[in-house]
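# Per-entry structural report
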Amino acid sequence: MKVSFISPEIKGGQVKSVAVLPVFKGEKISPAYKAYDKLAKKRVSMAAKAGQVDGRSGKNVQVFGPEGTKTNRLYVTGCGKLSGFDAEIFGARVTKALLMSGETTLVIHLDGFDLTPTDAAQAALGAVLASYRFDKYRTKLTADKKPSLKNIKIAIDNPAKARKAWNMFYGPVSAGTNIARDLVMEPANKLYPTSYAARIKKMETQTETAGMKVQILGEAQMKKLGMGALLGVGQGSPRASQLVIMKWSGGKKGAKPVCLVGKGVTFDTGGISLKPGAGMWDMKGDMGGSAAVVGAMHTIAARKAKANVIGIVGLVENMPDGKAQNPGDIVTSMSGQTIEVQNTDAEGRLVLADALWYAKEKFKPKAMIDLATLTGAIIVCLGHEHAGVFSNSDDIAEQLQAAADNSTEAVWRLPLNKAYDKLVDSPNADMKNITVPSAGAGSITAAQFLQRFVGDVPWAHIDIAGMAWKPSRPDPREPAWATGFGARLMNRWVADNYEG
Ligand code: BES
Ligand code: MN
Ligand code: ZN
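Residues numbered from 1 in each chain as written. Chains lettered and ligands numbered in written order. Predicted model: local features only at pLDDT ≥ 70, side-chain atom pairs only at ≥ 80, totals over all residues. Heavy atoms only, no water.

## Focus on the pattern of salt bridges
According to the stated counting rule, one finds 23 salt bridges in the structure shown. With a closest N to O distance of 2.8 Å, Arg488 and Glu88 form a salt bridge. Of the two residues, Arg488 sits in helix H14 (residues 487–497) while Glu88 sits in helix H2 (residues 87–98), which places them 400 residues apart along the sequence. Each member of the pair, Arg488 together with Glu88, is buried. Arg492 is paired through a salt bridge with Asp496; the nearest N and O atoms lie 2.9 Å apart. Note that Arg492 and Asp496 are positioned in helix H14 at a spacing of 4 residues, about one turn of the helix. Taken together, the salt bridges that share partners define one network made up of Glu88, Asp475, Arg477 and Arg488. (Salt bridge = Lys/Arg side-chain N within 4 Å of Asp/Glu carboxyl O. Helix = DSSP H or I, 4+ residues; strand = E, 2+ residues; numbered from the N terminus. Buried < 20%, exposed > 50% of the residue type's maximum accessible area, 1.4 Å probe, protein only.)

Below, the structure is given as structure tokens:
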């Protein structure tokens, strides 16, 4: 989708376009009709009246484009009160409504209502998020089932300022989220540890992310580092595990970085503790945490953030096999701590144990956040409305709450403490990777396990199992299934706390 910002005085309209005219409750009709012809005002007003478009949100009417202009139609749509206007949702809603309209250009008129250039950039963000599709493997889609829109043009009184906001922030945010969605959508026969690592490696040579450095560690290197927890998970798969490190050095030279660490289980069968078949296909998305990290790193590099940020993703496939690890196996993590693997399906924490320890040892970060589709229990707890946050630092937890409020990706904090920590003790090793079922609190005990691998680093764990993919929701910005959750949140967290 091509995004541009234009001044309202477009003479004669745009070729093969539909122009969106908002109607706010209690305001006069959008003056944008003037760009089309004098009669448009009357026709738009008549149509709005006939169609009861009186400002109530979601009430729409379409009018033929005025004769003599290139605009095919005007889409007159109710937007509620101007004071509570959410430009991002508006951009998303009209884009979703008109994506398959047959028109190639969507002109969204935000001019004439004292809306800001930021509103315009946010409308464009909503539009790009709403236009997201994953059609690459659908070979039989007929033309009417494919999006016709190719260009989004936002008409605003100060287009240059809007363009700047788009280029410097909202554009990179939209791209990062859609990159994360693409990765989560991709099936496990296409996206597996080595193909995924190769895809990340490309960020080094893409113009948007110029300056990013990517390092890939293979199994031999991880073995040398002693990453027995991560390697044990990938042991049953013919596909080699990978640890990928993305470096963005936009901050002061030598200043300690922040680390973003992602769970990248490209497919989670459960291993020998095999999952039931129904719904198992969703586990192609069990790399959603890593996708959020990759998406955030894209955004951070694309907007040339003045911060030192390291992204680390542990990429493994969890398979049952003659070579797979067994329940009861004891593995030694890079930290030296031993883990009894009582359930091979609690694999995410094993991957993160080594990835977090590596991040801590190698980069001495001033803060560290991991994202993971870690537990089904977090869905029982928070459903698909919030990700769960666990932190050893009240500051980081507060920063994340604020970043969530500023980025539309909601989080909710849950506790950590000694009593929960004790539950992961094992009589056979330093700890075990599950707790007895009667203990409950499955998401918290998983977080306690992770905390044993972060030392004193200010850290938070975000369990996104309920957010990385979802049943279809009413939010027009979200496609069916993969949401890209976390990329935007992490970018906001970095932007608000670690730049300038
Ligand atoms: N990837 C799953 C968690 C998950 C479940 C993500 C549903 C998204 C939707 C994780 O690896 C897992 O299997 N967790 C187990 C842990 C249990 C064995 C302690 C779970 O949640 O059942
Ligand atoms: Mn699992
Ligand atoms: Zn998993």
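On we go from here.
## Details of the domain arrangement of the chain
Domains assigned within the chain are domain 1 (2–158) and domain 2 (171–497). Spacing between the C-alpha centres of domain 1 and domain 2 amounts to 39 Å. With 14 residues of domain 1 at the contact, the number on the domain 2 side is 17 residues. Interface area lost by domain 1 to domain 2 is led by Leu129, Tyr132 and Phe134, which between them contribute 44%. (Domains from an automatic or database assignment. Contact = heavy atoms within 4.5 Å. Buried area = accessible area lost by both parts, 1.4 Å probe.)

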